[in-house]
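# Summary of structural features
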Amino acid sequence: MIARIMVIVIVTGLASVSRSAVEEPAGPMRNCTEGECHAKERGYRIMHGPTGLGACDVCHKAADERRHTFTLQARDKALCDFCHVEKQAAARVVHKPVAEGQCLSCHNPHGSNVKAMLRRDDMAALCRDCHQDVTQQRKHVHGPVASGSCAACHNGHRSDFPKLLVGQGRDMCLGCHEQMRGQLATVKTLHKPMEGDCLQCHEAHASNQIMQLRQGPLDLCSSCHPNVQEMATTSKHRHEPVIAGNACINCHTPHGGDLAKLMKSDTISACLQCHDKQVKTPDGRVVAAVPEVARKQLFQHGPIRDGECSGCHLLHGSDHSRLLARPYTQAFYEPFELSHYELCFQCHDPQMVLAEKTRGLTNFRNGEVNLHYLHVNNKDKGRTCRACHSTHASDKPLHVRETVPYGKWEMPVAFKKTDTGGSCASGCHKEYAYDRERPVPMTTTTAKAGK
């Protein structure tokens, strides 16, 4: 032993060497990260536990001390599993590198500047080593993807759900979208797709559509509602909000709501988002503003009173002007044809204009003389419904118009109502009165005035 010490002194020029350094039996490895040997392994922001403690022998063992060669305490996955017992839990889906024991393909065994000792600066970069860029350069990127947080949705090692997801169906999405969870718990009507997987409508990673939709709103909704798409795109008169921009979700809430047909608001309010002012259509027509539909103090037409614009209009598209459900002439004078009043007679009994005399079909009569019949049934100058009535609402009872357009002139109607009749002094004729109980004498001239 003395000879061995002398050799060291001669070769190295050391004044002395500790006896314990050469004589103590083999034991735990010294801290290899001290001095100039493997100091770089301690230069990480986050260090593997054994590295931080200098306990290199947890993973390494000497093969030949003289040659400074070492082997691992175990091979591949078995070495990691010795400590990381929780990673061995059974699961239906196992990440391929984990199944093959390739822990070091993702993790640095000594340390990293990134949480979980990843080999890349962020998880997204690490995942892209094996997986293609899931954004595919699309415009609208899901928040976790944009921030490189793949682990927000995927487990890195194993999972009970397909694609290593952390949850299943909408429950996984609602783990982050808590406001949506609260909304869905309270709404009266849930959109059918919301009972399953959000991915029926949304892309998980990125999309060129708003809100990461799989398709534009019209095409997406039409995959379940093809009849609406056909009406919206093939009708002679198309409703622009249904086919442009956000399309269906201009008016409907896509997840769930408290109103019928998943409307965002009541029908009147929804329509007035656009129709509180004049609207110019793509073909150059001007649609008049209809703010009167929201004025409850007016005498309102039945469908308006009930808040149902769809009583007269097909809101997605129509082959009739002004998106009407049935034909309705805009003319002031119209030769009488029942078809000209088809819209009105969805609700009103056509006998109110076909019966020359009546005691109950209408209150607009002088005794039993039907004054609707008198005004309408004329071969050349039959007055259409709009000649006297506002289609939406009026200051006058029975939503009689204050004035009616006649060419460029707003012709006054001057209607006055009494308990049993009324009177009218329009630009069509001098003042005439009528009474259901005490008929006003009608001369031949009076009778013809309506014609």
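Reading the values: the criteria
- All chains use their own residue numbering, which begins from 1 and follows the written sequence.
- Thresholds applied to this predicted model are a pLDDT of at least 70 for local features of residues and 80 or more for the giving and counting of side-chain atom pairs; totals over whole chains, interfaces and linings are not thresholded and use all residues.
- Side-chain measures here rest on the full set of heavy atoms in the structure, leaving out hydrogens and waters.
- When the sulfur atoms of two cysteines come within 2.5 Å, that pair is taken as a disulfide.
- For Phe, Tyr and Trp, where Trp contributes only its six-membered ring, two rings pair if their centres lie within 6.5 Å, and the inter-plane angle classes them as stacked under 30 degrees, edge-to-face over 60, or tilted in between.
- Put simply, DSSP H or I for four residues or longer makes a helix, DSSP E for two residues or longer makes a strand, and each gets a number counted from the N terminus.
- Type-normalised accessible area, obtained with a 1.4 Å probe on protein chains alone, sets the label of each residue: buried when under 20%, exposed when over 50%, and partly exposed for intermediate values.
- Here a strand pair is declared whenever DSSP counts at least two bridges between the two strands.
- pLDDT expresses how confident the predictor is about each individual residue, on a scale running from 0 to 100.
- Any pair of residues with heavy atoms lying within 4.5 Å of one another is described as a contacting pair.
- Residues counted as positive are Lys and Arg, residues counted as negative are Asp and Glu, and His and the chain ends are not counted.
- A carboxyl oxygen of Asp or Glu within 4 Å of a side-chain nitrogen of Lys or Arg is what we treat as a salt bridge.
- Here a polar contact is taken to be a pair of N or O atoms separated by no more than 3.5 Å, where protein atoms must pair a possible hydrogen donor with a possible acceptor and residues adjacent in sequence count only if both atoms sit in side chains.

### A word on the state of the cysteines
Evaluated as defined, the whole model comprises 0 disulfides. Summary of cysteine pairing: Cys-271 is not part of a disulfide, and the nearest cysteine sulfur, belonging to Cys-309, is at 3.7 Å.

### Some thoughts on the packing of aromatic side chains
Evaluated as defined, the whole model comprises 6 aromatic pairs. Geometrically, the ring pair formed by Tyr-333 and Tyr-406 is edge-to-face, given 6.2 Å between the ring centres and 85° between the ring planes. With Tyr-333 in the loop between β15 (317-318) and α15 (351-354) and Tyr-406 in strand β19 (residues 403-406), the pair connects residues that are 73 residues apart, well separated along the chain. With relative accessibility at 26%, the residue Tyr-333 sits in the partly exposed group. With relative accessibility at 37%, the residue Tyr-406 sits in the partly exposed group. Between Phe-336 and Tyr-341 the ring centres are 5.7 Å apart and the planes differ by 40°, which places this aromatic pair in the tilted class.

### Digging into the pairing of strand β20 (residues 409-412)
Sheet topology note: the β19/β20 ladder contains 4 bridges and is antiparallel. Residue pairing for β20: Pro-405 is matched across the bridge by Glu-410. Between β19 and β20, which pair antiparallel one after the other, the connecting turn spans 2 residues, and Gly-407 there sits at a positive phi close to 65°.

### Focus: the confidence of the model for the protein
Mean pLDDT over the protein works out to 85, with 90% of the residues at or above the 70 mark. Element-level mean pLDDT values for the protein span from 33 in helix α1 (residues 2-12) up to 96 in strand β9 (residues 206-207). Segment residues 1-28: pLDDT under 50, and 11 contacts once partners within four positions in sequence are set aside and those in other chains are kept.

### Overview of the side chain of Arg-365
Along the chain, Arg-365 turns up in strand β16 (residues 365-366). We note that Arg-365 is buried and unpaired, the nearest opposite charge coming from Glu-368 at a distance of 7.7 Å. Among the polar contacts listed, one links the side chain of Arg-365 to the backbone oxygen of Thr-362, at a separation of 2.6 Å. A distance of 3.0 Å separates a polar atom in the side chain of Arg-365 from the backbone oxygen of Gly-367.

### Thoughts on the pairing of strand β22 (residues 421-424)
The alternating pattern of β22 places Gly-421 and Ser-423 and Gly-422 and Cys-424 on opposite faces, both of which are buried. When strand β21 (residues 415-417) meets β22, the two strands line up antiparallel, connected through 3 bridges. Bridge assignment links Phe-415 to a residue of β22, and that residue is Cys-424. Two successive antiparallel strands, β21 and β22, enclose a turn made up of 3 residues.

### A look at helix α13 (residues 267-275)
Side chains that are three or four residues apart share a direction in an α-helix, a result of its 3.6 residues per turn. All of the buried residues along α13 are Thr-267, Ile-268, Ala-270, Cys-271 and Leu-272. Where the residues of α13 are buried, they touch α14 (302-305).

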